[in-house]
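Overview (structure and organization)
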Amino acid sequence: MSPETTAPRSLAEALRARDDASLSALLRSRPDLITPVPTDLTQLAARAGTRASVVRALERLDRFTLRTAEALAVAREPATYDELLGLLAGDDGDPAVTAAFPHALGTLREQALLWGADDRLRLVRTARELLAPSPQHPSPTGLGPTVGEATAGMSPGRIQEIVAAAGLASTHDSVSAVASLSALFSDRSRMSALLDEAPAEAVEVLSRLVWGPPYGQVTAEPAAHLRWLIARGLLLPTAPGTVVLPREVALHLRAGRAHRVTEPVPPAVEAATTHRPQAVDAAAAGQAYTTLATVEELLKDWHEGGPAVLRAGGLSVRDLKRTAVALDVPEPVAAFWVELAYAAGLVASDGEADERYAATPAYDAWLELPAAERWARLATAWLAATRTAGLVGGRDAKDRTLSALGPNLDRSAAPEVRHRVLALLAELPEGASADADSLLARLYWERPSRSVRPSPDDLRARLARWTLSETELLGVTGRGALSAQGRALLGLPAPAGARAEPEGPGDRLPAHKRRSPVAAAVPAAVPRSPAEQAAAAARAAALLAPLLPEPLDHVLLQADLTAVAPGPLERPLADTLGVLADVESKGGATVYRFTPASVRRALDAGRSASDLHAFLAAHSRTPVPQPLAYLIDDMARRHGHLRIGAASAYVRCDDEAVLNEIIADKRSQEFGLRRIAPTVLVAQADPTTLLAGLRSMGFAPAAESAEGDVLISRAHAHRTPPRTAPEPVPDGPPVPDATLLGAAIRAIRAGDLASTAPRKDDSAAGRPGNGALPRTSSAETLATMQAAVMTGEAVWIGYVNAEGAASQRVIAPIRVEGGFVTAYDHTADEVRTYPLHRVTGVAELADDQP
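Here we summarise the structure given alongside this text. Every value quoted in this text rests on a predicted model; they were computed, and no experiment measured them.

Attention now goes to helix 14 (residues 224–231). Those residues of helix 14 not exposed but buried are Leu-226, Trp-228, Leu-229 and Ile-230. Just downstream of helix 14, Gly-233 is the residue with a positive phi angle, here 80°.

Moving residue by residue along a regular strand, the side chains alternate between the two faces of the sheet. In the sheet, strand 4 (residues 236–239) pairs with strand 5 (residues 242–244) via three bridges, with the strands oriented antiparallel. In the strand pairing of strand 5, Ala-239 is matched with Thr-242. Two successive antiparallel strands, strand 4 and strand 5, enclose a turn made up of two residues, where Gly-241 displays a positive phi of approximately 85°.

This part is about unusual backbone geometry. Thr-35 connects to Pro-36 through a cis peptide bond whose omega is -5°. Within the element layout of this structure, Pro-36 appears in the loop between helix 2 (20–29) and helix 3 (41–48). Backbone torsion omega between Gly-212 and Pro-213 reads -5°, so that peptide bond is classified as cis. Examined against the element boundaries, Pro-213 turns out to sit in the loop between helix 13 (200–209) and strand 3 (215–217). Even without a glycine there, the phi angle at Ala-255 is positive, about 60°. Assignment of secondary structure puts Ala-255 in the loop between helix 15 (247–253) and strand 6 (271–274).

It is at 8 Å that the axes of helix 13 and helix 14 come closest, and there the two elements cross at 70°. The pairing of helix 13 with helix 14 is recorded here as roughly perpendicular in orientation. Crossing handedness for the pair helix 13 and helix 14: right-handed. Only His-225, Leu-226 and Leu-229 of helix 14 make contact with helix 13, whose side of the interface consists of Glu-201, Ala-202, Val-205 and Leu-206.

A few words on the sheet that holds strand 5. One open sheet holds the three strands; their spatial order is 3-5-4, and the pairing between them is antiparallel. One side of each edge strand has no neighbouring strand; the edge strands of this open sheet are strand 3 and strand 4. Each neighbouring strand pair of the sheet contributes to a mean axis angle of 40°, computed without reference to strand direction.

Our focus in this paragraph is the pattern of salt bridges. It is possible for side chains bearing opposite charge to pair when their charged atoms get close. Within the structure shown, the criterion is met by 33 salt bridges. When the shortest N-O distance is used, the salt bridge between Glu-13 and Arg-9 registers 2.8 Å. Looking at Glu-13, the relative accessible area reads 25%, which means it is partly exposed. Members of the salt-bridge network, linked through shared partners, are Glu-416, Arg-447 and Arg-460.

The interhelical angle for the contact between helix 6 (residues 81–89) and helix 7 (residues 95–110), taken along N-to-C directions, is 125°, at an axis separation of 10 Å. Of the possible angle classes, the one that applies to helix 6 and helix 7 is oblique. The interaxial crossing formed by helix 6 with helix 7 has right-handed handedness. Residue-level contacts link Tyr-81, Leu-84, Leu-85, Leu-88 and Ala-89 of helix 6 to Val-97, Thr-98, Phe-101, Pro-102 and Leu-105 of helix 7. Looking at the contact of helix 6 with helix 7, its residues break down into nine nonpolar, one polar and no charged.

Rules used in this analysis
Residues numbered from 1 in each chain as written. Predicted model: local features only at pLDDT ≥ 70, side-chain atom pairs only at ≥ 80, totals over all residues. Heavy atoms only, no water. Buried < 20%, exposed > 50% of the residue type's maximum accessible area, 1.4 Å probe, protein only. Helix = DSSP H or I, 4+ residues; strand = E, 2+ residues; numbered from the N terminus. Pairing = 2+ DSSP bridges. Axes fitted to C-alpha atoms, helices over the stretch in contact; angles between N-to-C directions. Parallel < 35°, antiparallel > 145°, perpendicular 65-115°, else oblique. Left-handed = near helix turned anticlockwise from the far one by under 90°. Contact = heavy atoms within 4.5 Å. Salt bridge = Lys/Arg side-chain N within 4 Å of Asp/Glu carboxyl O. Nonpolar A, V, L, I, M, F, W, Y, C, P; charged D, E, K, R; others polar.

Structural data, given as structure tokens:
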């Protein structure tokens, strides 16, 4: 690569030489640099060199690009293109490294972590400080300090002794002696000759230190082979009892490589198993149906007011266990379903004094959607959520238990990891599931940490494992492979051989038009705008809809007081049956059990016996069994025979014998019942407690209003006030769109023009030079402005706005009148009017300035 014609002297100059497309790429890859918009390119360069911004940029580099930055941090400054390539490819010139090196170098340059021509490459100072080796922060390269750094502070006499022992001519000063020793260690042939004389034990010591850590311990009287190394500077003392292997020596022993492993090519994600795409889509659709059923069951369980909210927020461990039992799933899976409903805005706190969780009004609207759209709504919410259910049960930084729906569950990296895991699955052949270890290795290559190997406790590794299990629970994947609806949810194109998106329910691509599946590498396209997300969700719902079973309008009643639903039921039928019977078993076919309590529940909801008989006759493909008819009639005859109201509570019944039976029963003593009339009892317990107690004794009482009417308790009565779904916690500033980027770049360039425009030397007239605001009298300011209007030239002004903030601007005056100057402001790229009394001064630009 050829060096640039004009070498920049600073990062600001390097940025100044970029075109708008290059600056846009920088601001897009490092959006923190644009918040707020810098005033000029000098400020942009300063912001790009801050520690927080550099750390964030380094964390987002892939393995090989980070290795390139680490190699540049241990190279001499400035380094040449060939020197840096040699540190990565070694003396033998690894062809894979040579091929990947230009892209890595271009990435560092694009992100303003590196600047300079190819013959003078410089790492941003903050990045060099972070990556260069030091005793406190060892370098990932495993290299130690250079000879010059290790001998700093060493006595001149000792340096001359080392030079002499190494077979070099003595010098008159320490600087030239250190340079001579460094040249020896960097010369491959002379260094090989020196090491040929080394004892075998000395060579073994060097081999143990060569790949790091480069520090070792020695005794006050080291062995002979160690004395041989120390005498010739191959090991240099850094502290009493500690020696270090100089960087030049280590690089010779490594054949010029800064890293043992460079990994220029990302590791491939391997396929574990391969299934037919149709089987994958069917399995995913089955799990999607289970997702909908589970979320509905969860919200039905909480419809009258769910678990109480802990004082610190979230569910208690006991409530999570109860929810897991109700859903018949393990506790971690129950935490996932609860968090999914919360992320989708279907459940929230009701905000009452006795705060509890309950369904939101959005849940009722969600229930009215078609099944495929309901699933797409849940999957989209999961994909963008930063709340991480896998953390539930763990401990936070203060050693407090992390609870479901509680605080501190947000991890801003979660959406990005989910998208990336699914994108990598999409790169596999259609129907193939990924080997988990190879997928984790690929993710670690793309975002490496400072450790040598990925840790099982690494957050990104845990997020990836949770993603693989959650996608299977949701039905985004089936049998470990990405489904067609999952691919559409990501906004990725359908692979060759995939089934076409149906135009309506049941539409399929004809078999003779299907192509055989082939592997297709696809980009990790992630829809960002709401419109793109909505379009992707609609495509996913359209692909899923034909695979979901059609809702049924009937059940099969059996003589053992059960009803079998051979598939999903239509909503009105499912809602009514859910009140009239209890779910006994779930699966492909749901079994409902009719009990006295379930029938009473339907009667409490306002249904009469005739209503229930008509409902069952209309929706059963089998005759209504006689035991079920008897059960309904018997419960209807007894229902409401007792009436309970508020005294503290009272019980009234037209049949005195029933009241006598209640008073005689020992189980009723806790309610403090006493008779105040032949058909009325009063109690010390409240109506709700008394109602539940008499029902447990086998009676079928009904609640009564103050007017004497039977209270009808309907399902789904409790809802929270309108709530919005929780907003994801962003992982830093959002990526700016094209409009914002264009406006920001124009403002930065205009500000840079104002700050760097050459000015005439007016020091003789008492005006400041470059870098300070001009100061002129009012009369001189007015005269210069009027002259600029006649000549059409631009001038440089100092301006103080109404808030007292001073700035410098380059303007082209158009007219001056009434104490105002109207001019084209190059800084703002628009025509503006300025009060002359706020202009601190004016200066002419240099003659060669346009």
